[in-house]
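Fold and contact review
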Amino acid sequence: MAEEAVLVLLLLLLFCSSAAALTTDGLALLALKSAVAVDPTGALSAWLDSDDSPCGWTGVTCRLDRVSALDLPDRALSGYLPSELSLLSELESLTLPGNQFSGPIPAALAALRGLTELDLSSNNLSGPIPPELGQLTSLAHLDLSSNLLSGSLPPSIAGLSHLSGVLNLSCNQLSGPIPLEFGDIPVDVSLDLRQNNLSGEIPQVGPLLSQGPTAFAGNPGLCGFPLKTPCPVPQQDPKIPQPNPSLGLNPSDATARPIIGEKRRSPAGTVMILVVVVLVAVASIFVLQWQFRKRRSAGEGKDSKNEKSSSPSFGGTIAGGSAIEDRREGHASEVYAAVDEGFGLELEELLRASAYVVGKSRNGIVYKVVVGRGPSAVAVRRLSENDDVDAPPGGGGGDEWRRRRAFETEAIAIGRAKHPNVVRLLAYYYAPDERLLIYEYIPNGTLHAALHGGPLNPTAPALPWTARLNILQGVARGLAYLHEFSPRKHAHGGITSSKILLDDELRPHISGFGVARIVSSGQQKLAHSASKKLVSPRVAAGYLPPEARGLAGASSLTQRGDVYAFGVVALEVVTGRSADAELEEWVRRAFKEERPLSEVVDPALLHEVHAKREVLAMFHVALGCTEADPELRPRMRAVVESLDRIGAP
Ligand SMILES: *[C@@H]1O[C@H](CO)[C@@H](O)[C@H](O)[C@H]1NC(C)=O
Ligand SMILES: *[C@@H]1O[C@H](CO)[C@@H](O)[C@H](O)[C@H]1NC(C)=O
Ligand SMILES: *[C@@H]1O[C@H](CO)[C@@H](O)[C@H](O)[C@H]1NC(C)=O
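The structure presented is a predicted model; accordingly, all values stated were derived computationally and were not measured. (Residues numbered from 1 in each chain as written. Chains lettered and ligands numbered in written order. Predicted model: local features only at pLDDT ≥ 70, side-chain atom pairs only at ≥ 80, totals over all residues.)

**Considering the overall build of the protein**
Our working definition: Each helix is a run of H or I in the DSSP string that is no shorter than four residues. Each strand is a run of E no shorter than two, and both are numbered from the N terminus. With C-beta atoms placed from the backbone, a residue is buried if 20 or more other C-beta atoms are within 10 Å of its own, exposed if 12 or fewer are, and partly exposed between those counts. Each residue gets a C-beta atom placed from its backbone, and two residues are in contact if those atoms lie within 7 Å.
Regarding its fold elements, the protein presents 17 helices and 24 strands. Across the 649 residues that make up the protein, the buried fraction comes to 40%. Looking at the protein alone, contacts between residues at least 24 apart form 61% of all its contacts between residues at least 6 apart.

**Re the site of ligand 3**
Note the threshold: Residues are counted as near a molecule or strand when the C-beta atom, derived from backbone positions, lies within 6 Å of that molecule or strand. Residue classes follow a fixed rule: Ala, Val, Leu, Ile, Met, Phe, Trp, Tyr, Cys and Pro count as nonpolar, while Asp, Glu, Lys and Arg count as charged, and any other residue, Gly among them, counts as polar.
Near ligand 3 you find Gln173, Ser175, Asn197 and Ser199, and these make up its full shell. Going through the elements one at a time, strand 12 (173-176) and strand 14 (197-201) are the ones with two or more residues in the shell around ligand 3. Its residues assigned to classes, the shell around ligand 3 shows no nonpolar, 4 polar and no charged.

**Regarding the nonpolar core**
To keep things clear, this is the line we draw: Residues of type Ala, Val, Leu, Ile, Met, Phe, Trp, Tyr and Cys that are buried and joined through C-beta atoms within 7 Å form what is called a nonpolar core. An automatic or database domain assignment provides the domain bounds reported here.
Tyr428, Ala476, Phe566 and Ala570 are the most contacted members of the largest nonpolar core, which totals 90 residues. Counting contributing residues per domain, this core is built from domain 2 (312-441) and domain 3 (444-649), each supplying no fewer than three. If we skip the residues at most four places from it in the chain, alanine 570 touches Leu472, Met618, Val621, Ala622 and Cys625.

**With respect to the site of ligand 2**
Close to ligand 2 lie Ser121, Ser122, Ser145, Ser146, Val166, Asn168, Ser170, Cys171, Ser190, Asp192 and Pro487. Elements with a contribution of two residues or more to the shell around ligand 2: strand 11 (166-168) and strand 13 (190-192). Its residues assigned to classes, the shell around ligand 2 comprises 3 nonpolar, 7 polar and 1 charged.

**Some details on the environment of leucine 571**
Relative to the assigned elements, leucine 571 resides in helix 13 (residues 559-575). A residue is classified by how many C-beta atoms lie within 10 Å of it, and leucine 571, with 25 of them, is buried. Leucine 571 sits 50 residues away from valine 621 along the chain, and the two C-alpha atoms are 9.5 Å apart. Residues in contact with leucine 571, not counting those within four places in the same chain, are Leu583, Glu584, Val587 and Ala622.

**Details of the packing of helix 13 against helix 16 (residues 612-625)**
Formally: The angle between two axes is taken between their N-to-C directions and runs from 0 to 180 degrees, where each axis is a line fitted to C-alpha atoms and a helix contributes only its stretch in contact. Orientation labels follow simple angle bins: below 35 degrees gives roughly parallel, above 145 gives roughly antiparallel, 65 to 115 gives roughly perpendicular, and whatever is left gives oblique. A crossing counts as left-handed when the near helix is turned anticlockwise from the far one by less than a right angle, and as right-handed when that turn is clockwise.
Remark: helix 13 packs on helix 16, axes separated minimally by 7 Å, with the N-to-C direction vectors making an angle of 150°. By the angle between their directions, the pair helix 13 and helix 16 is classed as roughly antiparallel. You can see that helix 13 and helix 16 cross each other, and the crossing is left-handed. Side by side, helix 13 and helix 16 meet where Val563, Tyr564, Phe566, Gly567, Ala570, Leu571 and Val574 of the first sit next to Val615, Met618, Phe619, Val621, Ala622 and Cys625 of the second. A breakdown of the residues in the contact of helix 13 with helix 16 according to their chemical character gives 12 nonpolar, 1 polar and no charged.

**Looking at unusual backbone geometry**
A positive phi angle, close to 50°, is found at serine 122, a residue other than glycine. Secondary-structure assignment places serine 122 in the loop between strand 7 (117-119) and strand 8 (124-127). The backbone of cysteine 171 shows a phi angle near 55°, a positive value even though the residue is not glycine. In this fold, cysteine 171 is placed in the loop between strand 11 and strand 12.

**Some points on the sheet that holds strand 13**
As a reminder, the rule being used: Strand pairing is defined by DSSP finding a minimum of two bridges between the two strands.
Spatially, 7 strands are ordered 2-3-5-7-9-11-13 in an open sheet, and the strand pairing comes out mixed. Looking at which strands have only one partner, the edges of the open sheet turn out to be strand 2 (60-63) and strand 13. Sheet twist, expressed as the mean angle between neighbouring strand axes with direction ignored, is 20°. Strand direction decides the pairing type here: strand 2 and strand 3 (residues 66-71), joined by 4 bridges, are antiparallel. When the bridges of strand 3 are listed, cysteine 62 appears paired with valine 67.

**Overview of the sheet that holds strand 4 (residues 78-80)**
Here we have 8 strands laid out as an open sheet, ordered 1-4-6-8-10-12-14-15, and mixed in their pairing. Both edges of this open sheet fall to strand 1 (36-38) and strand 15 (221-223), since each of them pairs with a single strand only. The sheet shows a mean angle of 20° between the axes of neighbouring strands, taken without regard to direction. Where strand 12 meets strand 14, 2 bridges bridge the pair, whose relative direction is parallel. Paired with glycine 176 across the strands is leucine 198, a residue of strand 14.

**Structural notes on the pairing of strand 10 (residues 148-151)**
Pairing between strand 8 and strand 10: 2 bridges, direction parallel. In the sheet register, serine 126 faces strand 10, and the bridge partner there is leucine 148. The pairing of strand 10 with strand 12 spans 2 bridges and is parallel. Across the sheet, glycine 151 pairs through a bridge with leucine 174, a residue of strand 12.

**What about the confidence of the model for the protein?**
Regions with low pLDDT should not have their predicted coordinates read in detail. So the rule is basically this: A residue's pLDDT is the confidence the predictor assigns to it, expressed on a 0 to 100 scale.
Residues with a pLDDT of 70 or more make up 72% of the protein, whose mean pLDDT is 75. Counting contacts from residues 387-395, a segment whose pLDDT is below 50, to residues more than four positions away or on other chains yields 11 contacts. Across residues 522-537, confidence stays below pLDDT 50; counting only partners more than four residues off in sequence or on other chains, it has 41 contacts.

**Quick look at the environment of valine 358**
Within the secondary structure layout, valine 358 lies in strand 18 (residues 354-361). Since 19 C-beta atoms lie within 10 Å of it, valine 358 is described here as partly exposed. In sequence terms valine 358 and arginine 381 are 23 residues apart; their C-alpha atoms lie 9.9 Å from each other. In contact with valine 358, not counting residues within four places along its chain, are Val366, Tyr367 and Lys368.

**Describing helix 13**
Selection criterion: In this analysis, the expected span of each helix is defined as 1.5 Å times one less than the number of residues it contains.
The terminal C-alpha atoms of helix 13, which comprises 17 residues, lie 24 Å apart, in line with the 24 Å expected from a rise of 1.5 Å per residue. Along helix 13, 17 of the 17 residues are buried, which leaves the element largely enclosed by surrounding structure. In the stretch just after helix 13, glycine 576 is the one whose phi turns positive, near 75°.

**As for helix 11 (residues 465-484)**
Because each turn of an α-helix spans 3.6 residues, side chains separated by three or four positions end up pointing in the same direction. With 20 residues, helix 11 extends 29 Å from end C-alpha to end C-alpha; this agrees with the ideal 28 Å at 1.5 Å per step. By the criterion of burial, helix 11 is predominantly enclosed, with 14 of the 20 residues buried.

**Some remarks on the environment of lysine 489**
Mapped onto the elements of the fold, lysine 489 is located in the loop between helix 11 and strand 23 (500-502). For lysine 489, a count of 13 C-beta atoms within 10 Å gives the class partly exposed. Between the alpha carbons of lysine 489 and threonine 558 there is a distance of 9.2 Å; along the sequence they are 69 residues apart. Apart from the residues lying within four places of it in its own chain, the contact partners of lysine 489 are His483 and Gln559.

This is the structure in structure tokens:
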């Protein structure tokens, strides 16, 4: 406060001759103007000390006569940032990207407690990131990328609990390790630390693991998952007592070790602190996470593989579940974690509930599980075991640990996808021979069944056109969201009409997002090779884009492939035919030969003559999506816009 008073006094002395009437905010801005040495566009030329109020000045926004935003992007201003900016006490947004401000970021900015946006990217700012910025508790958007900032990452930044979108510190000269506290950043924040000089192991904590490798690229000294550079394995640490040297040399010993102990890389005390910090960090993300108490027994896992095909209902798994509990001894090898805040179901309750098989695929079986007293239900996807996941004798422990980590990373990524047209993941469960994904339950069957009939609704009435249009619009929105919500640029890879679930209001919910990745991550022997090759899911031939057909192992996990599959679903919806390999070609030919629409459209729609123009427009969109050349297909976002125009009156 005293400091502030002195500053105001100085400013008043500085400008008192002519600016006695100008507000304090105006004086603070004039301090910025005098700190600017070069102003090639004349952006600040109208900032005059003869004005009463700065509210009309270029780049200045006011609320109730106080400056609330200062926005001067790409003005090539050079100079420095004066600490007087901290006097703009009602400032909410300070955006000065694309200028040439140099010198340090003033620590005094920490006084701007109402600041929600701070964008100083693409300047020449140097020196460290002031740790005081951690006091800007309202900050939602922080971008300091493309400067000359150096020094280490201040842990306090990670404590900004309102951050959202991208925390961008890329393209600077930041060095040193990534603080463990960065594991505390809000789960929906994407981190961009590219092109710095950071080093050491990436802390293996949820939010960091789910960032994807691009967040850390261009830091030659960084190592560890999700980067492909493994960290050097340190020599055995002499400070950890080895009760039995011969046992310590036996590689299979690793299987029985707790995960943290397995790393054996630091003195015991540090390990303890690490455990505590990791636990606190993890607990803050997952509302609920607990592990079974393990009981000691001999057989390690092998025999349990036989279970995979033997249990026709979830009831079978219940027995299997408790059997697993008896058999396990790798302390942290089982995880049950909620990714949705409202989810409080305990694992035992889940396993004890009645379950019905509602779907089967190559990737596993889906159960409807009725829980609790109410009508509530969840859907549980039980991922199939792969035959080749048996750890090789010996180094199985580390491998197991990597598999679990890969699974958790993907599960967290799935959990981040929150959209009304995407089925929400509520929780996941991992054990070495059991992987469950627990989703919200969508009650009204699949789009496939609604179109073609099916065991769940054999006699359902045909869907009217408006319902079909709404469904396709919703699916397009959900898919566009999946393509865009993360810098990892996800693809679904398995869109079919059976993956689109309908609720009671016939709203569509896309299911199965990320499952192909999880199953493929389970197939890796080592997580280091995890991102190299993704196994494409086997989808019905009709949905497979031409570029992925016939080539064994070619991946259909691309966004362009999703657009193709969406186009096929749209054709299926309009023609009422099932999506066999000929559907797309058949429609294309009918259009080329100018056949009457009545031959192509679902007969159930023919009485809805008013819909003819909309149906034609839908064909147009669907044929665009199913272009043979992937480059010619529109992006999902553009498809959404086209479909919204169809619906508009
Ligand atoms: C800002 O940095 C660029 C590139 O590093 C340099 O060309 C330019 O002269 C610098 N500008 C100032 C004002 O320091
Ligand atoms: C971070 O900023 C850089 C340049 O300032 C930009 O190229 C990059 O796309 C940004 N990262 C994200 C994830 O938006
Ligand atoms: C990167 O950091 C290392 C120390 O961690 C230092 O020796 C090296 O000079 C730095 N490189 C650059 C380009 O700043």
